[in-house]
Amino acid sequence: MLFRLRNSHAERETHCGVLEFIAEEGRCYLPHWMMRNLLLDEGDVVSVENVPLPVATYTKFQPQSVDFLDISNPKVVLEKALRNFACLTAGDMIAIRYNDKSYEMCVLETKPEKAVSIIECDMNVEFDAPVGYKEPTRRREAPEEEEDFDYTKVSKPRFAAFQGMGTRLDGKKQVDGEAAGVDIRRGVPNYDYHVGSITFIRRGRKKEVEQPTPFDFAAFSGRGETLRAKKK
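Worth saying up front: this structure is predicted, and the values here are computed from it rather than measured.

Take the sheet that holds strand β9 (residues 124–127) next. Ordered in space as β6-β7-β4-β9, the 4 strands form an open sheet in which the pairing is mixed. The strands lining the two open edges of the sheet, one partner per strand, are β6 (93–98) and β9. Going from strand to strand, the sheet's axes swing by 35° on average, the running direction of each strand aside. Of the strand pairs in this sheet, strand β4 (residues 58–63) and β9 are connected by 4 bridges, and their pairing is parallel. Bridging across to β9, Phe-61 finds its partner in Phe-127. Seen against the sheet, helix α2 (residues 74–81) touches β4, β6 and β9 and runs at an angle of roughly 125° to β9.

Structure representation (structure tokens):
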């Protein structure tokens, strides 16, 4: 059984169920939060009417304090608390308890009508931002000013292959220096390279080239020959 409660003086109304039929005739006992919704004081006159309500399909709540965000799983807490309610009315303020603390929730919207029954129903629940909640603002860091830098003056490191120390098989120390008779220039390609061939550059002492000995130049210093035979 569901009832509509109406305060005709303040033009406020809400809906509720019945916990027990033990009050005296002409009296009803309401929780404090329901009397506050109806703007009632103790002893005020309230109109009670039995009404049918549709089953709820959607409800939107708004917590009245940012402390509600501290609850790890608010939908589970709300589902357990709503088992003590029979119906909901848009605009009402309900109170739920969790961990010895009371949280007030405002019913912003209900579907399919303004007042719905939540007894044995499959209802979608949505939360609005709590009262007093502010979105955190992200601070934008000012970009660091890059200093003018001349990248053309930066010398690129030259690549040098096989820079390690070699070891001879005969146990002798390696002689430092360029390969004998070969002028190695870094960065100059080997135009005599053939695909599939490997060229080993042997390092050793340069062979000394013998220089020709200087001589005195004498013009027409050779021997002459004659075709005529010598007379005896």
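Now, onward.
What follows concerns the packing of aromatic side chains. Applying the stated criterion to the full structure yields 3 aromatic pairs. Ring centres of Trp-33 and Phe-85 lie 5.6 Å apart, and the angle between their planes is 50°; this geometry places the pair in the tilted category. With Trp-33 in helix α1 (residues 32–38) and Phe-85 in the loop between α2 and β5 (87–89), this residue pair connects regions lying 52 residues apart in the sequence. For Phe-85, a relative accessible area of 15% puts it in the buried group. Their ring planes at 40° and their centres at 5.5 Å tell us that Phe-68 and Phe-127 sit as a pair that is tilted.

The next subject is the confidence of the model for the chain. On average, the chain scores 79 in pLDDT, and the residues at 70 or more come to 75%. Overall, residues 178–182 carries pLDDT values under 50, and its contacts beyond four positions in sequence, including any with other chains, amount to 13 contacts.

For α2, every residue scored as buried is listed here: Val-77, Leu-78 and Ala-81. One side of α2 carries all its buried residues, which in axial view fall inside an arc of 95°. Opposite its buried face, α2 presents the exposed residues Glu-79 and Lys-80, each directed more than 90 degrees away.

Further remarks concern the pairing of strand β1 (residues 3–7). Burial along β1 is one-sided: the face carrying Phe-3, Leu-5 and Asn-7 is buried and the face carrying Arg-4 and Arg-6 is not. Sheet topology note: the β1/strand β2 (residues 12–16) ladder contains 5 bridges and is antiparallel. In the strand pairing of β2, Arg-6 is matched with Glu-13. Following β1, the chain reverses through 4 residues before pairing antiparallel with β2; Glu-11 in that reversal takes a positive phi of roughly 55°. Where β1 and strand β3 (residues 47–50) come together, 4 bridges link them in antiparallel fashion. Paired with Arg-4 across the strands is Glu-49, a residue of β3.

Where a protein is soluble and globular, its nonpolar side chains tend to be buried together. Formed by 18 residues in total, the largest nonpolar core has its most connected members in Phe-61, Leu-82, Leu-88, Ile-94, Ile-96 and Ile-118. Elements that contribute at least two residues to this core include exactly α2, β6 and β7 (101–111). With near-sequence residues (within four places) excluded, Phe-61 lies in contact with Leu-78, Leu-82, Leu-88, Ile-94, Met-105, Cys-106, Val-107, Leu-108, Val-125, Glu-126, Phe-127 and Asp-128.

Definitions and cut-offs
Residues numbered from 1 in each chain as written. Predicted model: local features only at pLDDT ≥ 70, side-chain atom pairs only at ≥ 80, totals over all residues. Heavy atoms only, no water. Pairing = 2+ DSSP bridges. Helix = DSSP H or I, 4+ residues; strand = E, 2+ residues; numbered from the N terminus. Axes fitted to C-alpha atoms, helices over the stretch in contact; angles between N-to-C directions. Contact = heavy atoms within 4.5 Å. Phe/Tyr/Trp six-rings, centres within 6.5 Å; stacked < 30°, edge-to-face > 60°. Buried < 20%, exposed > 50% of the residue type's maximum accessible area, 1.4 Å probe, protein only. pLDDT = per-residue confidence, 0-100. Arc of directions from axis to C-beta. Core = buried A, V, L, I, M, F, W, Y, C linked by side-chain atoms within 4.5 Å.

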